[in-house]
Amino acid sequence: MSSASSCGAAPLRGAMIGFGFIGAQGHLPAYFERTRTRGDIHIEAVADTCPARRALARSLYPTLRVYDTYQALLSAEAAQLDFVDICTPPCDHAPIAHAAMAAGLHVLCEKPLTTTLCDAEQLLARASAARRVLFPCHNYKHAPVIQAIRACLDGERIGAVSSVSLNTMRNTHAKGVTEWHTHWRRHQEYSGGGIVMDHGSHSFYLLFDWFGAYPESVTARTTNLAPDRYDTEDNASIVLTFPSGFATVQLSWTAGVRKVQYALHGDAGAITVDDDALELAVMRRHDGPDVAQGAVAWEIERQSIASHWGDASHTAWFDALLTRFIGAIATDDYVGKDAIDAYHCIATISAAYASAANGCQEIALCDVVGVRARTGTTLLAQRHCGTESPAVVAESVFRAAAASPARNVV
């Protein structure tokens, strides 16, 4: 590995594994722009198992060294790299990340971090032991309108958050590249699950941040409106109970429009978001015996914050994420809050699937995962659920996905 990560005198050098849609349209353009404007990070090589995608990478970026497998890339490049960026389907995240850390490299990884809780736990443990940064691509945190929500919460504009609703509407699942398996997200062997596995992470890590806690329990219902074509769910309704409130999450790949609608309610007001439109309602108290007689009024602030929700590549959000990744490397934050959030995303996804598989039974997260801190290092240990525990149902499903062959195209 080069000395860039330890001394900061040279740009971090990395390689991208997976040259599908998000890699080619999202990550790589952001890297090249960052290299041009700041010069603190550079992509040197790419690996992909699809010949057509490798040919495209060579034609678009002649300076990149291109490999047909991640093993070949690591064998040839690891000694001169600092990190890898994993942009493959989720089924391959864990083995590639382990191989990269074994080669001495830091890891940036697309969400979800893994498809099973066991794999997530092992990755975090490996990162801590190897002293390599493990960092998930939780890019929704960096959307401008989400940053505006964070600023409102930091300013205590709505008081303590007590309830949140998140509605993510898509008229289709995110499609992969046409040269490979375009509908890989609808096949569990590649994706590990449907819309809960795909969009669930985004909803859950935002909720973790807004509540300042992890959920205590999860209840979920999922449906698949195309069971003759796909083996993953396309709609989900999820309720999460937090120590200080609750959240509802609605996810759909069969909506009539592409849109996000969020609402956060506190004891002093509310924030509502409809794509780029943000409305802040701040409670002002007046004399009177109750709300109906004028005891309470609200001051309304409205603004439009361009966040480009319709651009599925989300390239514009990636620079801020890279800044955090580079900072984690500089400060030796091997298993930071983002990685721990990613672990809890998988725990919450596991609980949601277990609930849906057992008639919407409420699943206590303490039955899925235990977390404790010791000597500054977060240690994660999966609790051993009894054979009758619903959590086992979800885990058995996920293990089948994790055993599928390597596939390196998104």
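Residues numbered from 1 in each chain as written. Predicted model: local features only at pLDDT ≥ 70, side-chain atom pairs only at ≥ 80, totals over all residues. Heavy atoms only, no water.

Enquirer: Tell me about helix α3 (residues 51-60), residues and numbers included.
Expert: Every buried residue belonging to α3 is among Arg53, Arg54 and Ala57, and all of these are buried. The buried residues of α3 all sit within an arc of 100° when viewed along its axis, so they share a single face. In α3, those exposed residues whose orientation departs by more than 90 degrees from the buried face are Pro51 and Ser59. Turning to α3, the residues buried within the fold contact α2 (21-37) and β3 (65-67). (Buried < 20%, exposed > 50% of the residue type's maximum accessible area, 1.4 Å probe, protein only. Helix = DSSP H or I, 4+ residues; strand = E, 2+ residues; numbered from the N terminus. Arc of directions from axis to C-beta. Contact = heavy atoms within 4.5 Å.)

Enquirer: So what's going on with the environment of Ala30? Which residues, and what values?
Expert: With respect to the helices and strands, Ala30 occurs in helix α2. Looking at Ala30, the relative accessible area reads 8%, which means it is buried. A C-alpha to C-alpha distance of 6.3 Å links Ala30 and Phe318, two positions 288 residues apart in sequence. Setting aside anything within four residues of it in sequence, one finds Ala30 in contact with Thr315 and Phe318.

Enquirer: Quick one: what's the story with the nonpolar core, residue by residue and with numbers?
Expert: Within the largest apolar cluster, 114 residues are counted, with the highest numbers of intra-cluster contacts made by Leu207, Trp210, Ile238, Tyr262 and Ile271. The biggest single contributor to this core is helix α11 (residues 337-357), with 12 residues. Grouped together as the second largest cluster of nonpolar side chains are 5 residues, Cys50, Trp180, Trp184 and Tyr190 included. (Core = buried A, V, L, I, M, F, W, Y, C linked by side-chain atoms within 4.5 Å.)

Enquirer: Describe the environment of His344, and please don't skip the residues or the numbers.
Expert: As for its placement among the helices and strands, His344 is situated in helix α11. Its relative accessible area of 7% is what places His344 among the buried residues. The sequence separation of His344 and Val368 amounts to 24 residues, and the corresponding C-alpha distance is 9.9 Å.

Enquirer: Give a description of the side chain of Asp48 that names residues and reports values.
Expert: Structurally, the position occupied by Asp48 is in the loop between β2 (41-47) and α3. An unpaired buried charge is present at Asp48: no salt bridge exists, and Arg53, the closest side chain of opposite charge, is 5.4 Å distant. At 2.8 Å, the side chain of Asp48 and the backbone nitrogen of Cys50 are in polar contact. (Lys, Arg positive; Asp, Glu negative; His and termini not counted. Salt bridge = Lys/Arg side-chain N within 4 Å of Asp/Glu carboxyl O. Polar contact = N/O pair within 3.5 Å; in protein donor to acceptor, adjacent residues only side chain to side chain.)

Enquirer: Let's hear about unusual backbone geometry: which residues, and what values?
Expert: Negative phi values dominate among residues other than glycine, just as trans dominates among peptide bonds. Each neighbour pair has its own omega, and for Lys111 with Pro112 the value is -10°, a cis peptide bond. Backbone geometry places Asp275, a non-glycine residue, at a positive phi of 55°. Assignment of secondary structure puts Asp275 in the loop between β12 (269-274) and β13 (277-285). The exposure class assigned to Asp275 is buried, which follows from its relative accessible area of 17%. Located in the positive-phi region is Cys360, a residue other than glycine, with phi close to 65°. The topology assignment puts Cys360 in the loop between α11 and β15 (363-364).

Enquirer: Got a sec to walk through the packing of aromatic side chains? Specific residues and values, please.
Expert: In total, this model carries 13 aromatic pairs according to the counting rule given. Arranged with centres 6.0 Å apart and planes meeting at 70°, the rings of Trp210 and Tyr262 form a pair that is edge-to-face. A residue pair is termed long-range when its members are at least 10 positions apart, and Trp210 in helix α9 (residues 195-211) and Tyr262 in strand β11 (residues 259-266) qualify at 52 residues. With a relative accessible area of 5%, Trp210 lands in the buried category. (Phe/Tyr/Trp six-rings, centres within 6.5 Å; stacked < 30°, edge-to-face > 60°.)

Enquirer: Account for the sheet that holds strand β9 (residues 235-242), with residues named and values stated.
Expert: Strand order in the open sheet made by the 9 strands is β14-β13-β12-β11-β7-β10-β9-β8-β15, with mixed pairing throughout. Each edge of the open sheet is held by one strand with a lone partner, namely β14 (296-304) and β15. Looking at chain direction, strand β8 (residues 217-223) and β15 are connected through 2 bridges and run antiparallel. Paired with Val218 across the two strands is Ile363, which belongs to β15. Lying over the sheet, α9 contacts β7 (161-169), β8, β9, β10 (245-252) and β11, oriented at roughly 155° with respect to β10. Here α11 sits on the sheet in contact with β8, β9 and β15, set at roughly 60° to β8. (Pairing = 2+ DSSP bridges. Axes fitted to C-alpha atoms, helices over the stretch in contact; angles between N-to-C directions.)

Enquirer: So what's going on with α2? Residues and values would help.
Expert: Note that an α-helix has 3.6 residues per turn; residues three or four places apart therefore point the same way. Its 17 residues give α2 an end-to-end C-alpha distance of 24 Å, which sits within 8% of 24 Å, the value for a rise of 1.5 Å per residue. At His27, α2 shows its largest kink, close to 30°, and the proline Pro29 lies no more than four residues downstream. Among all positions in α2, only Ile22, Gly23, Ala24, Gly26, His27, Leu28, Ala30, Tyr31 and Arg34 are buried. Packing partners of the buried residues in α2 comprise β1 (12-17), β2, α3, β4 (83-86), β5 (106-109) and α10 (318-330). Positive backbone phi, approximately 70°, marks Gly39, located one or two places after α2. (Expected span 1.5 Å × (residues − 1). Bend = angle between axes of the 7 residues up to and from the residue.)

Enquirer: Before we move on, can you summarise the sheet that holds strand β6 (residues 134-136) with the specific residues and values?
Expert: Backbone-to-backbone hydrogen bonds join strands into a sheet, with any given pair of strands oriented parallel or antiparallel. Across the sheet, 6 strands lie side by side as β3-β2-β1-β4-β5-β6; this open sheet has parallel pairing. Among the strands making up the open sheet, the edge pair consists of β3 and β6. Across this sheet, the average inter-strand angle for adjacent strands is 25°, counted without regard to direction. The pairing of β1 with β4 spans 4 bridges and is parallel. Within the sheet, the bridge partner assigned to Ile17 lies in β4 and is Ile86.

Enquirer: Summarise the pattern of salt bridges; cite the residues concerned and give the values.
Expert: Under the counting rule described, the total for this entry stands at 21 salt bridges. One salt bridge connects Asp319 with Arg38, and the closest N-O pair in it is separated by 2.9 Å. Of the two residues, Asp319 is situated in helix α10 and Arg38 in the loop between α2 and β2; the sequence distance between them amounts to 281 residues. One salt bridge connects Asp341 with Lys141, and the closest N-O pair in it is separated by 3.6 Å. Here Lys141 lies in the loop between β6 and α7 (144-154) and Asp341 lies in helix α11, a separation of 200 residues in the sequence. In this pair, the class of Asp341 matches that of Lys141, namely buried. Each of Lys141, Arg324, Lys337, Asp338 and Asp341 takes part in a single network of salt bridges with overlapping partners.

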